[in-house]
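Structural description and commentary
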Amino acid sequence: MAHLIILGSSNAIPTIDHENTHMALVTPERLVLVDCASNPVVRLEEAGLDALSITDIILTHFHPDHVTGLPLLLMDMWLMGRQTPLNIYGLHFTLDRAQTMMNLYGWAEWPNFFTVNFCRIPADNMAVVMDDAHMRITSSPVKHFLPNICLRFDLKYEDKSVAYSCDTEPCQAILDISNGVDILLHEASGPFKGHSSAAQAGDAARQAGVGALYIIHYPTGRYASGDLIAEAAAHFQGKIVLTHDLMKIDL
Ligand SMILES: [Zn+2]
Ligand SMILES: [Zn+2]
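Residues numbered from 1 in each chain as written. Chains lettered and ligands numbered in written order. Predicted model: local features only at pLDDT ≥ 70, side-chain atom pairs only at ≥ 80, totals over all residues. Heavy atoms only, no water.

Under the criterion given, the structure shown has 11 salt bridges. Taking the shortest distance from any N to any O, the salt bridge between D96 and R120 comes out at 2.7 Å. Here R120 lies in strand β6 (residues 116-121) and D96 lies in helix α4 (residues 92-104), a separation of 24 residues in the sequence. Its relative accessible area of 38% is what places D96 among the partly exposed residues. For R120, a relative accessible area of 29% puts it in the partly exposed group. Notably, a salt bridge pairs D203 with R206, separated by 2.1 Å at the nearest N-O pair. Here D203 pairs with R206, and both are found in helix α6 (residues 198-208), just 3 residues apart, close to one helical turn. (Salt bridge = Lys/Arg side-chain N within 4 Å of Asp/Glu carboxyl O. Helix = DSSP H or I, 4+ residues; strand = E, 2+ residues; numbered from the N terminus. Buried < 20%, exposed > 50% of the residue type's maximum accessible area, 1.4 Å probe, protein only.)

Our focus in this paragraph is the coordination of the zinc ion (ligand 1). With distances of 2.1 to 2.2 Å, the protein atoms coordinating the zinc ion (ligand 1) are D65 (OD), H66 (NE2), D167 (OD) and H217 (NE2). Geometry at the zinc ion (ligand 1) is irregular, judged from the 4 donor atoms that bind it and their angles of 91 to 158 degrees at the metal. Motif for the zinc ion (ligand 1), donor spacing along one chain: D-H-x100-D-x49-H. Here the zinc ion (ligand 2) and the zinc ion (ligand 1) are spaced 3.6 Å from one another, each receiving a donor from D167. With H66 in helix α2 (residues 64-67) and H217 in the loop between β12 (212-216) and α7 (228-233), the pair connects residues that are 151 residues apart, well separated along the chain. Take H217: its relative accessible area is 1%, and that puts it in the buried class. (Donors = N, O, S within 2.8 Å, 3.2 Å for Na, K, Ca; no water. Tetrahedral: all angles 85-135°; square planar, octahedral: opposite > 155°, others 65-115°.)

It is worth spelling out the sheet that holds strand β10 (residues 160-164) at this point. Taken in spatial order, the 7 strands make up an open sheet running β7-β8-β9-β10-β11-β12-β13, and their pairing is mixed. In the strand order of this sheet, the two ends are held by β7 (127-131) and β13 (239-242), each with one partner. Sheet twist, expressed as the mean angle between neighbouring strand axes with direction ignored, is 20 degrees. In terms of strand pairing, β12 meets β13 through 4 bridges, oriented parallel. Bridge pairing in β13 links A212 to K239. (Pairing = 2+ DSSP bridges. Axes fitted to C-alpha atoms, helices over the stretch in contact; angles between N-to-C directions.)

For the rest of this paragraph, the subject is the coordination of the zinc ion (ligand 2). All of the protein donors around the zinc ion (ligand 2) are H61 (NE2), H63 (ND1), H144 (NE2) and D167 (OD); their distances to the metal are 2.1 to 2.4 Å. Considering all 4 donor atoms around the zinc ion (ligand 2), angles at the metal cover 91 to 164 degrees and the coordination shape is irregular.

The next subject is the sheet that holds β6. Each strand in a sheet pairs with another by means of backbone hydrogen bonds, the pair being arranged parallel or else antiparallel. Read from one edge to the other, the open sheet built from 7 strands follows the order β6-β5-β4-β3-β2-β1-β14, with strand pairing classed as mixed. Edge positions in the sheet fall to β6 and β14 (247-250), since each has one partner strand and no second. Within this sheet the neighbouring strands show an average axis-to-axis angle of 20 degrees, counted without direction. Where strand β3 (residues 31-34) meets strand β4 (residues 56-58), 3 bridges bridge the pair, whose relative direction is parallel.

Below, the discussion takes up α4. Given a rise of 1.5 Å per residue, 13 residues ought to cover 18 Å, and the 18 Å separating the end C-alpha atoms of α4 matches this to within 8%. Buried within α4 are the following residues: T94, L95, A98, M101 and M102. In a view along the axis of α4, the buried residues occupy a sector of 120 degrees, so they form one face of it. For α4, the secondary structure elements touched by its buried residues are α2, α3 (70-79), β5 (86-91) and β6. The positive-phi residue at the C-terminal boundary of α4 is G106, with phi of around 65 degrees. (Expected span 1.5 Å × (residues − 1). Arc of directions from axis to C-beta. Contact = heavy atoms within 4.5 Å.)

All quantities given are derived from atomic positions and should not be read as evidence of function.
Here's what the structure looks like:
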């Protein structure tokens with residue numbers, strides 16, 4: 001059965017029980033890692049998933065809380081003996097920097113390194129990231145400090161859809177991509193430039209007519225404040241869930 005595992009739910013400052021936001025989408029054919037925070041190998045192990053099973057990595061944008069785990073993950077998969085090719089998806093801006101980062105580590109000199117296919121996504125609305133028999137993934141640019149994308153996953157066998165806002169101010173792109181989805185994962189860093197509050201996440205969920213709102217990328221631990229569910233519920237009447245690390249969402 002397809003499912004989503006929240007590997008991290010925190011905003012940019014992780015705390016003891018909350019890693020930076022990243023997640024794994026598991027289908028019978030694929031293990032798609034969305035973003036690559038701190039130490040995905042450990043988090044995947046805690047979730048009962050094998051890092052070597054990752055088929056695809058989507059990098060939303062080149063902020064440290066979304067990409068710093070990539071060099072360690074790639075090196076660890078190589079040390080584990082990976083030979084299967086890996087696909088990494090992202091905007092030109094993001095992948096250019098990800099490749100530069102790996103070049104600084106001198107990865108071209110690592111012997112027998114597995115093939116990495118960098119798949120550049122156009123910065124268009126509803127750009128197709130991947131489309132196979134089971135799943136279609138689309139992305140649209142959002143409003144952040146640097147080029148960034150929101151995502152939509154349509155699972156064809158299950159007839160389920162999930163959208164993820166990533167880091168963004170309220171914008172039309174997230175309303176369009178999440179229109180009518182079963183689950184919207186929306187950030188709630190706060191009412192700052194480049195981000196959204198829980199109230200704004202609730203507003204987006206209502207406008208997009210989603211089935212359920214899952215709040216993610218929010219201040220955790222000693223940085224937490226307020227009742228995020230109540231703030232969102234003032235704008236959205238549907239189901240609201242505060243995500244936590246290692247939460248499993250069946251699809
Ligand atoms: Zn972030
Ligand atoms: Zn960011």
